[in-house]
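Structural overview for review
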Amino acid sequence: MEFGVLGGLSVEDSDGRHLPTAPKQRQLLGLLLLHAGEVMPARTCVTEIWGEHPPPSAATTLQTYVMHLRRLLARMPSVGSREAARDRLRTTGQGYLMVVEPEELDLLRFERLVEQAGRVADDDATVERLLRGALALWNRPVLADVRTGPVLRSAVTHWERRRLEVHEMYLDVRLRLGRPREVLAELAVLTRHHPTHEALHARYMTALHQTGRAGDALDVASRLTSRLARDLGVAPGPVIGRLQAAIRRGSGVVVPFPPVPSSVPGRRRP
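Everything numeric in this text was worked out from a predicted model, so none of it was measured.

**Section: the packing of aromatic side chains**
A complete count under the given rule lists 2 aromatic pairs for this structure. Taking the centre distance of 6.0 Å and the plane angle of 15° together, the rings of W50 and Y65 count as stacked. One end of the pair, W50, is in helix α2 (residues 42-50); the other, Y65, is in helix α3 (residues 58-74), and 15 residues separate them in sequence. Side by side, W50 and Y65 carry an identical accessibility label, which is buried. Between F110 and W138 the ring centres are 5.3 Å apart and the planes differ by 75°, which places this aromatic pair in the edge-to-face class. Of this pair, F110 sits in helix α5 (residues 106-119) while W138 sits in the loop between α6 (124-136) and α7 (150-176), and the two are 28 residues apart along the sequence. With respect to burial, F110 and W138 carry one shared label: buried.

**Examining the packing of helix α1 (residues 23-34) against α7**
One way to put it is that α1 packs onto α7 with a least axis distance of 11 Å and a crossing angle of 45°. By the angle between their axes, α1 is oblique relative to α7. In the packing of α1 onto α7, the handedness of the crossing is left-handed. For the pair α1 and α7, contact is made by Q27, G30, L31 and L34 and by V151, L152, A155, V156 and W159, respectively.

**Some thoughts on the pairing of strand β6 (residues 95-98)**
Of the two faces of β6, the one holding G95 and L97 and the one holding Y96 and M98 are both buried throughout. Where strand β4 (residues 39-41) meets β6, 3 bridges bridge the pair, whose relative direction is antiparallel. Bridged to M40 within β6 is Y96. Hairpin remark: strand β5 (residues 89-92) followed by β6, antiparallel, with 2 residues in the connecting loop; positive phi at G93, about 60°.

**Thoughts on the pairing of β5**
Alignment of β5 against β6, held across 4 bridges, turns out to be antiparallel. When the sheet's bridge partners are listed, T92 is paired in β6 with G95.

**A word on the nonpolar core**
Among soluble globular proteins, nonpolar side chains are generally buried collectively. Core analysis: the biggest nonpolar cluster contains 57 residues, and F3, V5, L28, L33, L34, M98 and L105 have the highest contact counts within it. Secondary-structure elements contributing two or more residues to this core are α1, α2, α3, β6, α5, α6 and α7. In terms of residue count, the dominant contributor to this core is α7 (9 residues). Setting aside anything within four residues of it in sequence, one finds L28 in contact with C45, I49, L62, Y65, V66 and L69. Ranked by size, the runner-up nonpolar core spans 22 residues in total, among them A217, L228, L243 and I247.

**Examining the sheet that holds β6**
Ordered by their spatial adjacency, 3 strands build an open sheet running β4-β6-β5, and the pairing between neighbours is antiparallel. The open sheet has two edge strands with one neighbour each: β4 and β5. Going across the sheet, the axis of each strand differs from the next one's by a mean of 30°, ignoring polarity. Against the sheet, α1 contacts β4, β5 and β6, and its axis sits at roughly 70° relative to β6. The strands touched by α3 are β5 and β6; relative to β5, the strand with the most contacts, the crossing angle is about 145°.

**Some words on unusual backbone geometry**
A positive phi angle is found at L143, which is not glycine, with a value near 50°. Note on placement: L143 falls in the loop between α6 and α7. L143 gets classed as buried once you look at its relative accessible area, which sits at 2%.

**Observations regarding the side chain of E104**
Following the sequence through the fold, E104 ends up in the loop between β6 and α5. What makes E104 buried here is its relative accessible area of 10%. Leave out the neighbours within four places in its chain, and E104 touches M1, E2, F3, R88 and R109.

**Regarding a positive patch on the surface**
A surface patch of positive charge is lined by R71, R75, R82 and R86. Take R75: it is sitting in the loop between α3 and α4 (82-88). A relative accessible area of 55% places R75 in the exposed class.

**Observations concerning the layout of surface pockets**
Taking a probe equal in size to a water molecule and rolling it over the atoms shows the remaining empty space. Within this model, the largest pocket holds a volume of roughly 310 Å³. E160, R163, L164, L190 and H194 are the residues nearest the centre of the largest pocket, which is lined by 13 residues in total. Looking at the lining of the largest pocket, the elements that each hand over two or more residues are α7 and α8 (180-193). When residues of the lining of the largest pocket are assigned to their parent elements, the largest contribution, 6 residues, is made by α7. Split into classes, the residues belonging to the lining of the largest pocket amount to 5 nonpolar, 4 polar and 4 charged. Within this model, the second largest pocket holds a volume of roughly 250 Å³. Taken together, 16 residues form the lining of the second largest pocket, with G4, G8, S10, D106 and N139 sitting closest to its centre.

Calculation rules
Residues numbered from 1 in each chain as written. Predicted model: local features only at pLDDT ≥ 70, side-chain atom pairs only at ≥ 80, totals over all residues. Heavy atoms only, no water. Phe/Tyr/Trp six-rings, centres within 6.5 Å; stacked < 30°, edge-to-face > 60°. Helix = DSSP H or I, 4+ residues; strand = E, 2+ residues; numbered from the N terminus. Buried < 20%, exposed > 50% of the residue type's maximum accessible area, 1.4 Å probe, protein only. Axes fitted to C-alpha atoms, helices over the stretch in contact; angles between N-to-C directions. Parallel < 35°, antiparallel > 145°, perpendicular 65-115°, else oblique. Left-handed = near helix turned anticlockwise from the far one by under 90°. Contact = heavy atoms within 4.5 Å. Pairing = 2+ DSSP bridges. Core = buried A, V, L, I, M, F, W, Y, C linked by side-chain atoms within 4.5 Å. Patch = residues over 30% accessible without salt bridge, like charges linked within 9 Å, V, L, I, M, F, W, Y side chains within 5 Å. Areas by Shrake-Rupley, 256 points an atom, 1.4 Å probe, with all protein chains shown as cover. Salt bridge = Lys/Arg side-chain N within 4 Å of Asp/Glu carboxyl O. Lys, Arg positive; Asp, Glu negative; His and termini not counted. Charge placed at Lys NZ, Arg CZ, Asp CG, Glu CD. 1 Å grid on protein atoms, 1.4 Å probe; cavity = no way out; pocket = protein on both sides within 12 Å on 5 of 7 lines; lining within 4 Å. Points joined across faces, edges and corners; volume = space filled by probe spheres on them. Nonpolar A, V, L, I, M, F, W, Y, C, P; charged D, E, K, R; others polar.

Right under this line is the structure:
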């Protein structure tokens, strides 16, 4: 059995795909999977699906959606019965708890790989391999094909930010391994998508300088400075200034960021 949220919502078993078609049931399933292993209060589920002004029937309708999700689970060979489905999707206190094994959910596999990278932070080759595997689990934004309400939007924003953090770690280790040419295209795209993200621009400048393109590196700093002034009314921080000075001096530029920390933060509820 496999569940997926790092892209489109997916539920697969040995006999194929098992996905609810009703938009609100997909929304509820996505919410429960993003918070797998945590009790999701019923009132939070209601807010997600209907917003701040739910209909009087919301609580009853939510229970119906949970019943349909349990029926879907019961049809899966790996679950096999309604009793087992109730154990997978539990009613606990005033909420619901989705139970999945770490290897069954792509989000949990992602976290496990990042945590493993944190434990071997002094071995760049191993860190690079683990983070590459973690990022390969993402093919689109989180729950890209699911309608999102206020609770899911917050969670999706959190995990997209986490994805970028891990991508930055991955870029750093490749730069430390002496592979600046490999990251230039990625950094060009990332800096276009995040035009005021100073750390990404610093990495882009570093990679350009390490490949003999000092002038292009300084142009990146100039564009960043203009964009920060226009959009935010601020100047770049000291890292950009130090990089500019080193590049103008023709000094060697090292990766201006620390290696992957020995303890990488795990799951955080938004």
